[in-house]
Structures are given as C-alpha cells and as structure tokens.
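Topology and contacts: notes
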Amino acid sequence: MRFLLRPGWLAFIAVVIGFAAACYTLLAPWQFGREAQRDAEQQAIDASYHTPPVPLAELTSAGTGVTSALEWRQATVSGTYVSDAEALVRLRVVDGKPAFEVLTPFRTDDGRLITVDRGYVSTPSGSQVPGFAAAPPGPVTLTGRLRVNETDPQNRPVSVLDGHRQLYAADSRALAAATNLDLEPGYLQLSADQPGVLGPLPVTVSASGAPFTNFSYALQWLTFGAIAIFALAYFVRLELLQRRGKDRRAERTALRQALAGDDDAPEPREGPAQQDETPLADRSGRQ
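Because the structure is a prediction, the values reported are computed rather than measured.

1. Regarding the nonpolar core
Ranked by size, the top nonpolar core spans 18 residues in total, and within it Tyr81, Phe106, Val116, Leu142, Leu146 and Leu188 carry the most contacts. Residue assignment for this core shows that the elements contributing at least two residues are helix 2 (56-59), strand 2 (74-81), strand 5 (113-122), strand 6 (140-147) and strand 9 (187-190). Here Val116 is in contact with Tyr81, Val102, Leu103, Thr104, Phe106, Leu142, Leu188 and Leu190, once residues within four sequence places are set aside. Grouped together as the second largest cluster of nonpolar side chains are 13 residues, Leu103, Leu167, Ala170 and Leu183 included.

As structure tokens, then:
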C-alpha cells in the first residue's frame, strides 16, 4: 500500500475526498434548502388565497417593512402615487418574453412611504423601453401582495436610460438611494384590476424550475459523492491486483530460470528454501 504515498496518488485521493465532502456538506444541502424554500413559498401563496386582505398597518408597523414571515400576505393601503420617483426593473422575463417591471413609490395616508410594483410591460428587446400608462393621480386604495426585496448579485448601480431610472432588481433600497426617499423595506406587488396596475405579475414561487427539481438535484449530488468514493476504492484495488500479478509473474519467471540451470537467473523473492546447487557429479563422488 506504500504506492498510495506517491504524489500522484495523494493528489487523486485529495480531489476525490474533497469532491465527495462538497457533495455531502455543500451541494446536496444547498439543493435540499432550495426545495424547502420552494415548499414554504408555495404554502404561503396557497394560504394567501384563503386569507382576506387586511390594512398594511395591521401587518407591519411604520419603518419595519416586509419580512419573510409576511411575504405573499395580501394587504391594502390608501394614499397617492409619487410618480416622479418611478423606476423600471430591467432584464425581466415574463411568459418567455423580455419585459420591464415598473416600481412607483406610494405615500400612504398615515405618511409611510412604500414601493409599489405596478406590474410589467412587454418590450421587443431588453434595452428598449416601451410606452406604458402613468400611475393615476389623486388618492387611491390598493390591494396587493407583500414581497421582500430582491438583491442584485452584481450590485450594479442605478442608471438613467431613455428618461427612466433603471434598476436590476426589485429593490426598494436601491430605489430609495436613487430618489432620496425614505422607502420602507420590501414592496407591494399589485393584484389585477387595481388602480395603476399594468400587466399583473404571476403569483409564483421565486425559485426556478419545476416542483421537486431541487430535491432530485440533491439526490444526484449524493449519488455523485458515493460514486467518487467507490471509484477511489476501485482504482486502489485495481492497482493492488496489478502489482500482485507482476510480483507473481516475476517469481514464476525466476523459478523457471533457476530450474533450467540459468546461473544468471534472479533468485525468487519468496517460496521454499533454495535447492542444493551442488553439481550432480560432485554429489555422486561423495557417495
């Protein structure tokens, strides 16, 4: 087994063990967590259909914003749109087509500033902003679902293109920084037939893929980790068998050469005691 201490074998063993450890401690748990997140979101969405909307003030106090425990709850607010602080969320896809989401700040009757996602507008390309209806002026009452902020993984700055502020995530924090408004965390996703709504966004879980997809991915990572360990054991056993076969062939060769009287034949490394190599003539003379 000393061959396992060679650099090539040590590197191979380290890679296999590292990959298996990642499968069992990182990759599979991550996919299990994604599946659990999907299930929790779907349960919250299902519950929201059976829970009537309530005023926002009954769900969260001023300045608190939307927490994950409140996501997808239906809430109502009354107040006026702050249309001059509107922004678009670019690079969205709705029903397989490029689109923009429209975020408009909203000042409630009790003085709170929240972000309202008025829905989406389709566009022929991801960079061309289409025309869309402005938010209605004056007091309105809105009903929608509470959502937590998204986060842009690349943390890209807000830009102004075609006369519109453009974000890369539905994030009230980014909109607040761009407009200097004290917007509360999270936003209200408008339901259909509400004042100012554009294309209503579908009410679906944020995790991508079909149900149980992440669960199957987790099982695949567990299987890959087991295969890696099995492959390591298989290659070690194969190396042992090859080395033993070479040793046995060498012993048989040495023994055949010794029996044939080859003086230059190497002695077998293992086996019965060496035979008496005294020539037959000498032995017969001593008789």
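2. Let's talk about the packing of aromatic side chains
Tallied over the full model, the rule gives five aromatic pairs. Note on Phe12 and Phe235: the rings are 6.0 Å apart at their centroids and 70° apart in plane angle, and the pair reads as edge-to-face. Separated by 223 residues along the polypeptide, Phe12 in helix 1 (residues 7-49) and Phe235 in helix 4 (residues 213-259) bring together distant segments of the chain. On the accessibility criterion, Phe12 (30% relative accessible area) is partly exposed. According to the relative accessible area criterion, Phe235 is partly exposed, its value standing at 39%. Here Tyr234 and Phe235 contribute two aromatic rings whose centre-to-centre distance is 5.7 Å and whose plane-to-plane angle is 65°, an arrangement assigned as edge-to-face. Taken together, the ring pairs in this structure connect Trp9, Phe12, Tyr234 and Phe235 into an aromatic cluster.

3. Some points on the environment of Thr151
Tracing the backbone through its elements, the reader meets Thr151 in the loop between strand 6 and strand 7 (159-161). For Thr151 and Ala169, which are 18 residues apart along the polypeptide, the C-alpha to C-alpha distance reads 6.0 Å. Apart from residues no more than four positions distant in its own chain, Thr151 is found in contact with Ala169 and Arg173. Here the side chain of Thr151 touches Arg173 through a polar contact of 3.2 Å, side chain to side chain.

4. Some details on the side chain of Thr108
Summarising the element assignment, Thr108 is placed in strand 4 (residues 97-108). By relative accessible area, Thr108 is classed as buried at 8%. A distance of 2.3 Å separates a polar atom in the side chain of Thr108 from a polar atom in the side chain of Asp110. Excluding residues that lie within four positions of it along the chain, Thr108 makes contacts with Val77, Ser78, Gly79 and Ile114.

5. Description of the confidence of the model for the protein
Looking at the protein, pLDDT values average 83 and 82% of them are 70 or higher. Below a pLDDT of 50 lies the segment residues 271-287, which in the model reaches six contacts outside its immediate sequence neighbourhood of four places, other chains included.

6. Focus: the environment of Pro124
In this structure, Pro124 sits in the loop between strand 5 and strand 6. You can call Pro124 exposed: its relative accessible area is 65%. The spacing of Pro124 and Pro98 is 26 residues in sequence and 6.9 Å in space, taken between C-alpha atoms.

7. A short note on a nonpolar patch on the surface
A surface patch of nonpolar side chains, about 490 Å² in accessible area, is lined by Phe12, Phe230, Tyr234, Phe235 and Leu238. When residues of the nonpolar patch are assigned to their parent elements, the largest contribution, four residues, is made by helix 4.

8. Here's the deal with the pattern of salt bridges
Under the counting rule described, the total for this entry stands at seven salt bridges. Across the pair Arg92 and Glu101 runs a salt bridge whose closest N-O atoms are separated by 2.9 Å. Because the salt bridges share partners, they merge into one network encompassing Arg92, Glu101 and Glu150.

Conventions we followed
- Residues numbered from 1 in each chain as written.
- Predicted model: local features only at pLDDT ≥ 70, side-chain atom pairs only at ≥ 80, totals over all residues.
- Heavy atoms only, no water.
- Core = buried A, V, L, I, M, F, W, Y, C linked by side-chain atoms within 4.5 Å.
- Buried < 20%, exposed > 50% of the residue type's maximum accessible area, 1.4 Å probe, protein only.
- Helix = DSSP H or I, 4+ residues; strand = E, 2+ residues; numbered from the N terminus.
- Contact = heavy atoms within 4.5 Å.
- Phe/Tyr/Trp six-rings, centres within 6.5 Å; stacked < 30°, edge-to-face > 60°.
- Polar contact = N/O pair within 3.5 Å; in protein donor to acceptor, adjacent residues only side chain to side chain.
- pLDDT = per-residue confidence, 0-100.
- Patch = residues over 30% accessible without salt bridge, like charges linked within 9 Å, V, L, I, M, F, W, Y side chains within 5 Å.
- Areas by Shrake-Rupley, 256 points an atom, 1.4 Å probe, with all protein chains shown as cover.
- Salt bridge = Lys/Arg side-chain N within 4 Å of Asp/Glu carboxyl O.

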